[in-house]
Structures are given as structure tokens and as C-alpha cells.
Amino acid sequence: MTETSGPLVGHVHSDDIPWVTIGPVGLQVLRVSPDTWVVRNRFEAGFQLPTHKHTGGVHAYTFSGRWRYKEYGIDYHAGTFIYEPPGSVHTLTIEEDSDILFILEGAFIEYDADGNITGVTDGESTLNAYYAMCDDAGIARPQGILQ
């Protein structure tokens with residue numbers, strides 16, 4: 001017997017989720033659940049995230065541009081898919097304007113130059129920041145973000 005029903009497949013079209021920008025970072029939030037969050041970022045060349053550690057795995061696909069983790073010396077350019085295992089620590093550095101999709105499990109912990117924790121970012125905090133950025137830009141909060 002072929003099963004023809006079950007839970008509906010969730011979907012969202014990126015055209016239905018507005019981009020918001022703060023400084024050199026553009027953001028779309030596509031999905032947020034208690035354990036996984038999916039974002040698409042557009043970064044301007046020269047941008048650098050603080051050094052951070054992931055509590056879960058991360059998948060990323062680069063649509064355009066070129067970036068690297070300062071610690072590894074490998075360039076990731078358009079068409080590159082990467083996987084970061086839980087516990088990886090690195091500093092994302094944008095070499096060229098880049099458009100990257102990230103699928104993140106868990107959270108990431110940010111560190112300052114002395115190794116002190118300066119923040120924790122997860123799906124819920126990212127969604128809240130995204131909504132605040134929409135509000136500040138006068139953009140209606142999208143209804144299609146997957147939960």
C-alpha cells in the first residue's frame with residue numbers, strides 16, 4: 001500500500017520573505033524551530049563575524065561571492081556547500097560580497113579577543129532581531145516563516 005497522506009510539507013518562497021539590512025549584513029529568516037533555524041545572508045566584502053562556536057552542526061551553501069574562516073585558510077566561493085560539525089570554532093570573514101544560505105542546529109556562542117563569552121545567538125533570538133529590523137524599516141512582518 002502506498003501512503004498518500006501525512007503531515008503537510010512546509011514551504012516558503014524567498015520572494016515572500018523580505019530582506020532586511022543592518023550595515024553590511026542582509027538577512028532573511030526562512031525557518032525557526034526549537035532545534036533548527038535557516039537564514040540567508042548577504043554580506044558585504046570586509047565584514048567579519050566575531051569568533052564563535054557552534055553547539056550543533058551547520059550546513060551552508062554559497063550562491064555568490066567568496067568567504068572564509070580566518071582560522072582555516074580555505075576560500076568558499078559560489079557553488080560551495082560546507083558542513084561544520086558541532087563544536088567548531090571560527091571567525092567568518094567575507095572576502096567578496098556574498099550570498100549564503102545557512103541551516104543551523106542549536107546556537108552559536110560568540111567570544112571576544114580574550115576568549116570571554118560576549119553573546120549567544122539561536123533561532124529565537126535571530127527571529128526576534130529580524131522582526132525588530134522589519135519594524136524599524138517599516139516592513140510588515142512576514143507570515144510565511146516556517147516554524
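One structure accompanies this document, and this report is about it. (Residues numbered from 1 in each chain as written. Predicted model: local features only at pLDDT ≥ 70, side-chain atom pairs only at ≥ 80, totals over all residues. Heavy atoms only, no water.)

### What about the overall build of the chain?
Regarding its fold elements, the chain presents 1 helix and 11 strands. Reading the chain from its N terminus to its C terminus gives the helix and strand order β-β-β-β-β-β-β-β-β-β-β-α. Taken over C-alpha atoms, the radius of gyration comes to 16 Å for the chain, in line with the 15 Å a tight globule of 147 residues would show. Overall, the C-alpha framework of the chain stretches about 55 × 45 × 30 Å when taken along its three principal axes. A buried classification covers 40% of the 147 residues belonging to the chain. Summed over all atoms, the accessible surface of the chain reaches about 8300 Å², with 54% contributed by carbon and sulfur. The chain carries 8 positive and 20 negative side-chain charges, and their two centres are separated by 3 Å. (Helix = DSSP H or I, 4+ residues; strand = E, 2+ residues; numbered from the N terminus. Rg over C-alpha atoms; globule rule 2.2 N^0.38 Å. Buried < 20%, exposed > 50% of the residue type's maximum accessible area, 1.4 Å probe, protein only. Areas by Shrake-Rupley, 256 points an atom, 1.4 Å probe, with all protein chains shown as cover. Lys, Arg positive; Asp, Glu negative; His and termini not counted. Charge placed at Lys NZ, Arg CZ, Asp CG, Glu CD.)

### So, the packing of aromatic side chains
Here the structure, examined in full by the defined rule, presents 9 aromatic pairs. Between Tyr61 and Phe63 the ring centres are 5.1 Å apart and the planes differ by 75°, which places this aromatic pair in the edge-to-face class. Ring centres of Tyr69 and Tyr76 lie 5.9 Å apart, and the angle between their planes is 65°; this geometry places the pair in the edge-to-face category. Like Tyr76, Tyr69 is buried. Aromatic rings pair up to connect Trp67, Tyr69, Tyr72, Tyr76 and Phe102 into one cluster. Residue placement shows Arg40 over the ring face of Phe63; its charged tip is 4.2 Å from the ring centre. (Phe/Tyr/Trp six-rings, centres within 6.5 Å; stacked < 30°, edge-to-face > 60°. Lys NZ or Arg CZ within 6 Å of the ring centre and 35° of its normal.)

### Comments concerning the nonpolar core
If you look at the biggest cluster of nonpolar residues, it comprises 30 residues, and the most contacted ones within it are Val29, Phe43, Trp67, Phe102 and Tyr130. Elements represented by at least two residues in this core include exactly strand 2 (25-32), strand 3 (36-43), strand 5 (58-69), strand 9 (92-105) and helix 1 (123-137). Aside from chain neighbours lying at most four places away, what touches Val29 is Ile17, Val38, Val39, Thr126, Leu127, Tyr130 and Ile145. (Core = buried A, V, L, I, M, F, W, Y, C linked by side-chain atoms within 4.5 Å. Contact = heavy atoms within 4.5 Å.)

### Focus: a nonpolar patch on the surface
Where nonpolar side chains cluster on the molecular surface, the patch consists of Tyr61, Phe63, Phe81 and Tyr83 and spans about 420 Å² of accessible area. When contributions to the nonpolar patch are tallied by element, the ones reaching two or more residues are strand 5 and strand 7 (81-84). Within the secondary structure, Tyr83 sits in strand 7. (Patch = residues over 30% accessible without salt bridge, like charges linked within 9 Å, V, L, I, M, F, W, Y side chains within 5 Å. Salt bridge = Lys/Arg side-chain N within 4 Å of Asp/Glu carboxyl O.)

Function cannot be inferred from these measures alone, as they are strictly geometric.
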